[in-house]
Amino acid sequence: QVQLVESGGGLVQAGASLRLSCAASGRTSSAYTVAWFRQAPGKERQFVASVIWSGYAPNYADSVKGRFTISKDNAKNAVYLQMNSLKPEDTAVYYCAAAVVGANSYDFWGQGTQVTVSS
């Protein structure tokens, strides 16, 4: 079992930056893929970025490539999402999720953190 807690959301203007944090606890020594997803009102949950906990191998949605960077600190059991050049369409609740490497689904989710970008 892995427990995930997100933080760092807020209200910013277009063009600003935010850094989201995901604190992990529990069986963090296992081989997981940790990802960020987001869900805007009335829309389906969308993949944003992922990283392999025991390595790196970042993966990004096309909509955030070049603007967002996922990183991790294994010593702190944390995963971060640096979001630059934010756009109003980035407004959503951002979720941290974890999946066992090779699994077909993300089984562990945080509660989400709200990011609102004003124009």
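Everything below is about the structure printed above this text.
Here's what I pulled together on the structure shown here. Quantities reported herein were computed from a predicted structural model and do not represent experimental measurements. (Residues numbered from 1 in each chain as written. Predicted model: local features only at pLDDT ≥ 70, side-chain atom pairs only at ≥ 80, totals over all residues. Heavy atoms only, no water.)

### Overview of the nonpolar core
Piece 1. Trp36, Leu81, Met83 and Tyr94 are the most contacted members of the largest nonpolar core, which totals 31 residues.
Piece 2. Secondary structure elements with two or more residues in this core: β1 (2-7), β3 (18-26), β4 (32-39), β5 (46-52), β7 (68-73), β8 (78-83), β9 (92-100) and β11 (113-118).
Piece 3. Not counting residues within four places of it along the chain, the set of residues in contact with Tyr94 comprises Glu6, Leu20, Trp36, Phe37, Arg38, Val48, Phe68, Leu81, Met83, Gly112, Thr113 and Val115. (Core = buried A, V, L, I, M, F, W, Y, C linked by side-chain atoms within 4.5 Å. Buried < 20%, exposed > 50% of the residue type's maximum accessible area, 1.4 Å probe, protein only. Helix = DSSP H or I, 4+ residues; strand = E, 2+ residues; numbered from the N terminus. Contact = heavy atoms within 4.5 Å.)

### Some remarks on the side chain of Thr113
Piece 1. Structurally, Thr113 is set in strand β11.
Piece 2. Of the polar contacts made by the side chain of Thr113, one reaches the backbone nitrogen of Gly9; its length is 3.1 Å.
Piece 3. Excluding residues that lie within four positions of it along the chain, Thr113 makes contacts with Glu6, Ser7, Gly8, Gly9, Leu20, Ala92, Val93 and Tyr94. (Polar contact = N/O pair within 3.5 Å; in protein donor to acceptor, adjacent residues only side chain to side chain.)

### Examining the sheet that holds β7
Piece 1. Ordered by their spatial adjacency, four strands build an open sheet running β1-β3-β8-β7, and the pairing between neighbours is antiparallel. Only two strands of the sheet have a single partner each, and these edge strands are β1 and β7. Here the average twist between neighbouring strands, direction ignored, is 20°.
Piece 2. In this structure, β3 lies alongside β8, joined through six bridges in antiparallel fashion. Paired with Ser21 across the bridge in β8 is Tyr80. (Pairing = 2+ DSSP bridges. Axes fitted to C-alpha atoms, helices over the stretch in contact; angles between N-to-C directions.)

### Looking at empty space enclosed by the protein
Piece 1. Under the definition given, this model contains one cavity of 30 Å³ or more.
Piece 2. Looking at the largest cavity, its volume works out to about 50 Å³.
Piece 3. Surrounding the largest cavity, Val2, Leu4, Ala24, Thr28, Tyr32, Val34, Trp53 and Ala98 form its lining.
Piece 4. The residue inventory of the lining of the largest cavity, partitioned by class, reads seven nonpolar, one polar and no charged. (1 Å grid on protein atoms, 1.4 Å probe; cavity = no way out; pocket = protein on both sides within 12 Å on 5 of 7 lines; lining within 4 Å. Points joined across faces, edges and corners; volume = space filled by probe spheres on them. Nonpolar A, V, L, I, M, F, W, Y, C, P; charged D, E, K, R; others polar.)

### So, the packing of aromatic side chains
Any two aromatic rings considered together are summarised by their centre-to-centre distance and by the angle between their planes.
Piece 1. Under the definition given, this model contains six aromatic pairs.
Piece 2. Ring centres of Phe37 and Trp109 lie 5.0 Å apart, and the angle between their planes is 50°; this geometry places the pair in the tilted category. You can see Phe37 sitting in strand β4 and its partner Trp109 sitting in strand β10 (residues 108-109), a full 72 residues away along the chain.
Piece 3. Classification of Trp109 as partly exposed rests on a relative accessible area of 31%.
Piece 4. Here the aromatic cluster, defined as three or more aromatic residues joined through ring pairs, consists of Phe37, Phe47, Tyr95, Tyr106 and Trp109.
Piece 5. In this arrangement the basic side chain of Arg45 is found over the ring face of Tyr95, its NZ or CZ atom lying 4.5 Å from the centre. (Phe/Tyr/Trp six-rings, centres within 6.5 Å; stacked < 30°, edge-to-face > 60°. Lys NZ or Arg CZ within 6 Å of the ring centre and 35° of its normal.)

### Here's the deal with the pattern of salt bridges
Piece 1. On inspection of all chains with the given rule, the structure shows three salt bridges.
Piece 2. Between Lys65 and Asp62 there is a salt bridge; the shortest N-O distance is 3.2 Å.
Piece 3. Across the salt bridge formed by Arg67 and Asp90, the nearest N and O atoms sit 2.7 Å from each other. Of this pair, Arg67 sits in the loop between β6 (59-60) and β7 while Asp90 is found in the loop between β8 and β9, placing the two residues 23 residues apart along the sequence.
Piece 4. Given the relative accessible area of 11%, Arg67 is considered buried.
Piece 5. What makes Asp90 buried here is its relative accessible area of 1%.
Piece 6. Taken together, the shared-partner salt bridges connect Arg38, Arg67 and Asp90 into one network. (Salt bridge = Lys/Arg side-chain N within 4 Å of Asp/Glu carboxyl O.)

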